[in-house]
Amino acid sequence: MRDKTMTADEVVSRLESGMTLGIGGWGSRRKPMALVRALLRSPVTDLTVVSYGGPDVGMLAAAGRIRTLVAAFVTRDTIPLEPHYRAARESGALELLEVDEAMFMWGLQAAANRLPFVPVRAGIGSDVMRAAPSLRTVTSPYAGRWPSTVGGAGAVPARQEEFVAMPALRMDAALVHVNRADRLGNGQYLGPDPYFDDLFCEAADSAYVSCERIVDPADLTEDAVPQTLLIRRHTVTGVVEAPNGAHFTSCSPDHDRDEALQRHYATTQWPLFAERFLSGDEHAYQAAVRAWQKERS
């Protein structure tokens, strides 16, 4: 079986401008920030980004790399609305397809199962349909339960229900971050929530997994149950070992969110933040964070 390890820069070298790019995690939790930082060091731009958005979206939006965003929200949890994303949205710098959280999940499910769309109840009767007029509805071909019993004379037919036809969120590439992975591409989460990183990988033509630590395959289940093996190797193109690679988002239980740096990012003009923290490679970023933390102590 093939060794799929590579560097973050090797991952980004496989991405192209104009791609549809999925980014896993949730808000400011377990985001593949080392891969996002590598992407910011590249010339790749004009992206359609699919994300339960957090600072990944904020940074890419501030840098002018997003043409279209597909999202249910863009938040940093303790900071409800990502300010750099908000600035880009208010200035008209990107297009937005905003859907309900459940609709987003079903879009991933549709893409993972190679379906063009799935019918969902979420969105009916809400402003989602007004905000995303390109969405369509479908009517169930079934009336009531199937298989149905034949009603007697004068029976009233069951109503044929209308659903939102949620399009598949198919992606050219996906980036996700987990706690552990092996060289073959199996990925493991050790925190309280898997989010939907497995669906991102299954819904993309190529998927790249960064992790806190690469371990031998047998070690993945030495201290954890098999159900934590979230990502299957056949869906993964490359694996990157990136200690602290989700920073400043959380990656429980390996590290919590760096709330101090997150607040600093939120209240600092983007060019100043980028100059101090993002002007070099990943080692330079981690060193800049340590220096900033030392200044505050």
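Preceding block: the structure.
Reading the values: the criteria
- Residues numbered from 1 in each chain as written.
- Predicted model: local features only at pLDDT ≥ 70, side-chain atom pairs only at ≥ 80, totals over all residues.
- Heavy atoms only, no water.
- Helix = DSSP H or I, 4+ residues; strand = E, 2+ residues; numbered from the N terminus.
- Contact = heavy atoms within 4.5 Å.
- Buried < 20%, exposed > 50% of the residue type's maximum accessible area, 1.4 Å probe, protein only.
- 1 Å grid on protein atoms, 1.4 Å probe; cavity = no way out; pocket = protein on both sides within 12 Å on 5 of 7 lines; lining within 4 Å.
- Points joined across faces, edges and corners; volume = space filled by probe spheres on them.
- Nonpolar A, V, L, I, M, F, W, Y, C, P; charged D, E, K, R; others polar.

**A closer look at the environment of G123**
Part 1 of the reasoning: Mapping G123 onto the fold places it in the loop between β5 (117–120) and α6 (128–131).
Part 2 of the reasoning: Measuring from C-alpha to C-alpha, the distance between G123 and S279 comes to 42 Å, with 156 residues separating the pair along the chain.
Part 3 of the reasoning: When near neighbours in sequence (up to four residues on either side) are disregarded, G123 contacts M103, V128, M129 and V164.

**Regarding helix α2 (residues 33–40)**
Part 1 of the reasoning: Where burial is concerned, most of α2 is hidden: 8 out of the 8 residues are buried.
Part 2 of the reasoning: Buried residues of α2: M33, A34, L35, V36, R37, A38, L39 and L40, and no others.

**Considering the layout of surface pockets**
Part 1 of the reasoning: By volume, the largest pocket is sized at about 280 Å³.
Part 2 of the reasoning: The wall of the largest pocket is formed by 14 residues, among which A8, E241, A242, E282 and H283 lie closest to the centre.
Part 3 of the reasoning: Listing elements by their share of the lining of the largest pocket, those giving two or more residues are α1 (8–13), β12 (238–241) and α10 (282–296).
Part 4 of the reasoning: Among the elements that take part in the lining of the largest pocket, α10 stands out by supplying 3 residues, more than any other.
Part 5 of the reasoning: Split into classes, the residues belonging to the lining of the largest pocket amount to 6 nonpolar, 3 polar and 5 charged.

**What about unusual backbone geometry?**
Part 1 of the reasoning: Along the chain, H247 connects to F248 via a cis peptide bond; the corresponding omega equals 10°.
Part 2 of the reasoning: When you line up the elements, F248 lands in the loop between β12 and α8 (259–267).
Part 3 of the reasoning: Unlike most non-glycine residues, D46 shows phi in positive territory, near 60°.
Part 4 of the reasoning: With respect to the secondary-structure elements, D46 resides in the loop between α2 and β2 (47–51).
Part 5 of the reasoning: Here D46 falls in the partly exposed class, since its relative accessible area comes to 34%.
Part 6 of the reasoning: In this structure, N244 is a non-glycine residue whose phi angle is positive, near 60°.

**A look at empty space enclosed by the protein**
Part 1 of the reasoning: Summed over all chains, the structure comprises 1 cavity of 30 Å³ or more.
Part 2 of the reasoning: In this structure, the largest cavity encloses a volume near 40 Å³.
Part 3 of the reasoning: Forming the boundary of the largest cavity are R37, R41, F277, L278, G280, D281 and Y285.
Part 4 of the reasoning: Split by residue class, the lining of the largest cavity holds 3 nonpolar, 1 polar and 3 charged.

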